[in-house]
Amino acid sequence: MKTLEELTRPNIWALKPYSSARDEYSGKEASVFLDANENPYNAPNNRYPDPLQGDLKRKIAVVKKVLPEQIFLGNGSDEAIDLLFRAFCRPGIDNVVAIEPTYGMYKVCADVNDVEYRNVRLDAEFRFKAGDMLAASDGNTKLMFLCSPNNPTGNNLDRKEILALLEGFGGLVVVDEAYADFSDEPSFLAELEMHPNLVVLQTFSKAWGCAAIRLGMAFASPDVIGILTKIKYPYNINRLTQEEAIRMIGQHYQVKLWVKSLLEERSRMIGEFKKLKCSRHVYPTDANFFLAEVSDAKSIYDYLVDKGIIVRNRTNVTLCHNCLRITIGTRPENDALLEALKQYKD
Ligand SMILES: *Cc1c(COP(=O)(O)O)cnc(C)c1O
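Parameters at a glance
- Residues numbered from 1 in each chain as written.
- Predicted model: local features only at pLDDT ≥ 70, side-chain atom pairs only at ≥ 80, totals over all residues.
- Heavy atoms only, no water.
- UniProt positions renumbered as here; feature names shortened; annotations may be inferred.
- Phe/Tyr/Trp six-rings, centres within 6.5 Å; stacked < 30°, edge-to-face > 60°.
- Helix = DSSP H or I, 4+ residues; strand = E, 2+ residues; numbered from the N terminus.
- Buried < 20%, exposed > 50% of the residue type's maximum accessible area, 1.4 Å probe, protein only.
- Pairing = 2+ DSSP bridges.
- Axes fitted to C-alpha atoms, helices over the stretch in contact; angles between N-to-C directions.
- Contact = heavy atoms within 4.5 Å.
- Polar contact = N/O pair within 3.5 Å; in protein donor to acceptor, adjacent residues only side chain to side chain.

Within an unreviewed UniProt entry, the label attached to the chain reads Histidinol-phosphate aminotransferase, and the organism entered is Candidatus Phocaeicola excrementipullorum. Quoted verbatim from the Catalytic activity (unreviewed entry) field of UniProt, the annotation for the chain is "L-histidinol phosphate + 2-oxoglutarate = 3-(imidazol-4-yl)-2-oxopropyl phosphate + L-glutamate".

Set out below in structure tokens:
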């Protein structure tokens with residue numbers, strides 16, 4: 001691996017972060033706060049939230065078996081993705097490499113930051129090879145993006161290939177585990193100690209049922225986390241979100257139950273979907289959705305919209321011609337979809 005200083009944009013490496021009132025005084029003992037120009041009325045929302053989210057990070061650290069210093073919290077994982085570009089990629093000079101097809105935000109963030117986005121097509125079974133990613137890279141490649149289970153294909157990427165990439169690449173390897181709670185495979189969090197160039201992304205938006213609170217997590221070495229923390233907005237996670245996330249962690253068992261029932265529904269749905277006349281192929285999935293090739297994605301999508309049922313039409317995505325991405329819902333929601341599709345005439 002290159003040194004972190006070599007990887008980081010020079011202006012970011014040199015940056016002295018904004019120091020907020022709550023950074024400069026973060027002790028607990030004081031009871032008179034006249035430092036931040038807050039309104040003394042309307043507690044608790046009158047006070048700026050903890051900029052470093054100490055309580056929440058300590059709780060996440062226990063659940064995820066990492067150190068609080070290995071956690072960055074963002075306004076969705078999307079914030080962490082954007083900050084990785086801003087911290088490490090010099091606009092107009094550096095580049096990143098990602099698998100294709102995958103989650104669309106990596107490319108959007110690359111474009112926003114004027115960073116070249118190189119993609120490496122998965123094979124017909126949506127597998128990738130570390131060697132192909134390395135071959136697409138050069139001395140200015142700072143980040144590689146993997147998503148496992150991958151969106152929109154649903155499958156886990158090959159663990160051995162991910163490890164080979166971590167060994168072979170001198171920059172940061174981002175493994176987006178937004179759907180890892182639905183998979184049997186162990187998380188790459190366990191690899192953080194061994195691989196200082198690993199960044200794992202997770203989110204409260206999927207299995208945790210908290211898309212509305214906007215809370216994403218990046219896990220990496222304390223040094224990488226330090227850089228992301230240095231460049232984030234000071235109060236990027238609001239108090240309501242921190243409080244709700246802490247409450248949800250207390251309901252950890254509830255998340256497990258949701259996942260269990262979604263996985264049961266997933267196998268039932270796939271079994272039923274395969275029997276439909278419009279179904280051509282259902283791809284294996286490790287996530288809370290599946291990708292299905294159908295007779296005519298556009299016309300089925302429009303037909304379902306007309307019935308008030310929305311799925312994701314992925315027909316214009318590489319390797320996904322005539323494919324719909326279908327999220328697993330409640331049993332009645334899934335039945336509504338199946339019923340509608342039974343009545344669909346090609
Ligand atoms: C849904 C999703 C996310 C979550 O993004 P948030 O900003 O945390 O809501 C991240 N990565 C992938 C691949 C996703 O599908």
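Summed over all chains, the structure comprises nine aromatic pairs. Plain terms: the ring middles of Tyr 179 and Phe 289 are 5.0 Å apart, the flat faces sit at 80° to each other, and that makes the pair edge-to-face. Highlighted residues: Tyr 179 in the loop between strand 5 (172-176) and strand 6 (198-203) and Phe 289 in strand 9 (residues 289-294), separated in sequence by 110 residues. Assigned by exposure class, Tyr 179 and Phe 289 land together as buried. Ring geometry for Tyr 303 versus Tyr 344: centroids 5.0 Å apart, planes at 65°, classification edge-to-face. Of the two residues, Tyr 303 sits in helix 12 (residues 297-306) while Tyr 344 sits in the segment after helix 13 (331-342), which places them 41 residues apart along the sequence.

Let's shift gears to the sheet that holds strand 1 (residues 71-74). Taken in spatial order, the seven strands of this open sheet run 1-7-6-5-4-2-3, and their pairing is mixed. Two strands in the sheet have a free side with no partner beyond their single neighbour: strand 1 and strand 3 (116-121). This sheet shows a mean twist of 20° between the axes of neighbouring strands, independent of strand direction. Together, strand 1, strand 5, strand 6 and strand 7 (216-219) form the strand contacts of helix 9 (residues 222-231), whose direction differs from that of strand 1 by roughly 30°.

This paragraph deals with the UniProt feature "modified residue: N6-(pyridoxal phosphate)lysine" (unreviewed entry) in the chain. According to UniProt, the "modified residue: N6-(pyridoxal phosphate)lysine" (unreviewed entry) feature falls on Lys 206. Mapped onto the elements, Lys 206 comes out in the loop between strand 6 and strand 7. With a relative accessible area of 29%, Lys 206 lands in the partly exposed category. Look past the residues within four positions of Lys 206 in its chain and what remains in contact with it is Ala 178, Tyr 179 and Phe 182. A distance of 3.0 Å separates a polar atom in the side chain of Lys 206 from a polar atom in the side chain of Tyr 179.

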